[in-house]
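Observations on chain architecture
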Amino acid sequence: MKTLRDYIKEAEEKKIAIGHFNISDSEGFRAVVEAAKSLNVPVIIGVSEGERDFIGLQEIVALVLTARENGLPVFINADHTYSVEKAKVAIDAGVDSVIIDGANKSFEENVAMAKEVVGYAKGKEVLVEAELGFIGQSSKMLDTVPEGVTETNPEDAKLFIEQTGIDLFAPAVGNVHGMVKSGEPKLNIELIKRIREVAGIPLVLHGASGNSADEIREAVDASISIIHINTELRIAYKEGIEEGLRSGEIAPYKFLALGVEEMKKVVIEKLKLFNKII
Ligand SMILES: [Zn+2]
């Protein structure tokens, strides 16, 4: 089977993006995998530190490997990992990619953290992603744009990538984690293009919940290779389960199934958009 690296390369050539969807449990996993299977596209399962603590790191890796054994191109990313130690644990557990998140630290500290993880990953089939520029940290509904949000300077990005040797780069280009009630900020498409030119490696767009379909299309055309969605999935999952609970069902496989269905709808819609499936 092709590796995640192969699929990213293919996405770049085809000018499409691979969907990255966060999950917390086996129901969320099912929703994402069934959605990707129905469209016959590769997909990345994302687990943040909190999410992987809940489902279990080894457990989610096992679920992903089982899906792959069944012929499905499903990959697992250890999303926002705030310490080198935890990144190493994730690599040892067999993830396909890991994000070392030092975006809130100084440039030098961020470089040092990413460099150490890249060194640890050497010789292993795992991609290392890092980010420069701050886009907030929570996947929920926000009243306003989080404080301290910045945009990545292309020259800094170039330097950062050269110094760290990372495989994937997550820039701050008007994207924010979570969804902003007062209006989602616009993506800076020109900045994406400029960064991609100097970066020389694939770009990952985080915090894409709440951005319009048109903006996402432009971002993909500007050569974004992976797109992260979390908040919109959480909302759909919760609303589905609430409906299931209101029905009076007590069997979890019945009331949770509605959550899976709602989440699946969002994943299918996003995957069609990212993969340019009409
Ligand atoms: Zn993110």
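Above this text is the structure in question.
Residues numbered from 1 in each chain as written. Predicted model: local features only at pLDDT ≥ 70, side-chain atom pairs only at ≥ 80, totals over all residues. Heavy atoms only, no water.

For the chain, the count of helices and strands is 11 helices and 10 strands. For 278 residues, the compact-globule formula gives about 19 Å, and the C-alpha radius of gyration of the chain, at 18 Å, lands near that figure. Overall, the C-alpha framework of the chain stretches about 55 × 40 × 35 Å when taken along its three principal axes. A total of 278 residues make up the chain; the buried ones form 57% of that total. By sequence separation, contacts in the chain at least 24 residues apart represent 71% of the contacts at least 6 residues apart. Per element, the accessible surface of the chain, about 12,300 Å² overall, is 52% carbon and sulfur. (Helix = DSSP H or I, 4+ residues; strand = E, 2+ residues; numbered from the N terminus. Rg over C-alpha atoms; globule rule 2.2 N^0.38 Å. Buried < 20%, exposed > 50% of the residue type's maximum accessible area, 1.4 Å probe, protein only. Contact = heavy atoms within 4.5 Å. Areas by Shrake-Rupley, 256 points an atom, 1.4 Å probe, with all protein chains shown as cover.)

Turning next to the pairing of strand S3 (residues 74–81). As a general feature of sheets, a regular strand has side chains that alternate between the two faces. The buried fraction of S3 amounts to 8 of the 8 residues, a majority that puts the element mostly inside the structure. Pairing of strand S2 (residues 43–47) with S3 involves 5 bridges; the strand directions are parallel. If you follow Ile-45 over to S3, its bridge partner there is Ile-76. In the sheet, S3 pairs with strand S4 (residues 97–100) via 3 bridges, with the strands oriented parallel. Residue pairing for S4: Ala-78 is matched across the bridge by Val-98. The parallel pair S3 and S4 is bridged by helix H5 (residues 84–93), and the resulting crossover is right-handed. (Pairing = 2+ DSSP bridges. Right-handed = clockwise from strand over helix to strand, strands pointing away.)

Now for the side chain of Glu-184. Structurally, Glu-184 is set in the loop between strand S8 (179–180) and helix H8 (189–199). Of the buried charged residues, Glu-184 lacks a salt bridge, with Lys-186 as the closest side chain of opposite charge at 9.1 Å. Setting aside anything within four residues of it in sequence, one finds Glu-184 in contact with Val-176, Gly-178, Met-179, Gly-207, Ser-209, Gly-210 and Asn-211. (Lys, Arg positive; Asp, Glu negative; His and termini not counted. Salt bridge = Lys/Arg side-chain N within 4 Å of Asp/Glu carboxyl O.)

This next bit is on the nonpolar core. Counting residues in each nonpolar core, the largest one holds 77 residues, and the members touching the most others are Ile-45, Val-98, Ile-166 and Phe-169. Of the residues forming this core, the biggest block, 9 residues, is contributed by helix H11 (residues 252–274). In terms of nonpolar packing, the next biggest core, distinct from the first, is built from 12 residues, Ile-18, Ile-44, Leu-127 and Leu-168 among them. (Core = buried A, V, L, I, M, F, W, Y, C linked by side-chain atoms within 4.5 Å.)

Moving on, we come to the packing of helix H10 (residues 231–246) against H11. Here H10 crosses H11 at 150°, and the two axes come no closer than 7 Å. Considering their axes alone, H10 and H11 lie roughly antiparallel with respect to each other. The two elements H10 and H11 cross, and the hand of that crossing is right-handed. Here Glu-232, Leu-233, Ala-236, Tyr-237, Gly-240, Ile-241, Glu-243, Gly-244 and Leu-245 of H10 lie close against H11, whose contacting residues are Phe-255, Leu-256, Leu-258, Gly-259, Val-260, Glu-262, Met-263, Val-266, Val-267 and Lys-270. Of the residues assigned to the contact of H10 with H11, the class counts are 12 nonpolar, 3 polar and 4 charged. (Axes fitted to C-alpha atoms, helices over the stretch in contact; angles between N-to-C directions. Parallel < 35°, antiparallel > 145°, perpendicular 65-115°, else oblique. Left-handed = near helix turned anticlockwise from the far one by under 90°. Nonpolar A, V, L, I, M, F, W, Y, C, P; charged D, E, K, R; others polar.)

The tally for this structure, following the rule as stated, stands at 19 salt bridges. A salt bridge links Glu-13 to Lys-9; the nearest nitrogen and oxygen atoms lie 3.5 Å apart. Here Glu-13 pairs with Lys-9, and both are found in helix H1 (residues 4–14), just 4 residues apart, close to one helical turn. This pair shows no difference in class: Glu-13 is exposed, exactly as Lys-9 is. Residue Arg-30 is joined to Glu-34 by a salt bridge in which the shortest nitrogen-to-oxygen separation is 3.1 Å. In this pair, Arg-30 and Glu-34 both sit in helix H2 (residues 26–39), 4 residues apart, roughly one turn of the helix.

This part covers the pairing of strand S7 (residues 168–171). Judged by which residues are buried, S7 turns out to be covered on both faces: Leu-168 and Ala-170 on one side and Phe-169 and Pro-171 on the other are all buried. In terms of strand pairing, strand S5 (residues 127–132) meets S7 through 4 bridges, oriented parallel. In the strand pairing of S7, Glu-131 is matched with Ala-170.

Using the criterion set out here, one finds 4 aromatic pairs in the structure. Ring centres of Phe-21 and Phe-274 lie 6.4 Å apart, and the angle between their planes is 15°; on these two criteria the pair is classed as stacked. With Phe-21 in strand S1 (residues 18–22) and Phe-274 in helix H11, the pair connects residues that are 253 residues apart, well separated along the chain. Residue Phe-274 is classed as buried on the basis of its relative accessible area, which comes to 0%. Taking 6.1 Å as the distance between ring centres and 50° as the angle between the ring planes, the aromatic pair formed by Phe-160 and Phe-169 counts as tilted. There is no split in this pair, since Phe-160 and Phe-169 are both buried. (Phe/Tyr/Trp six-rings, centres within 6.5 Å; stacked < 30°, edge-to-face > 60°.)

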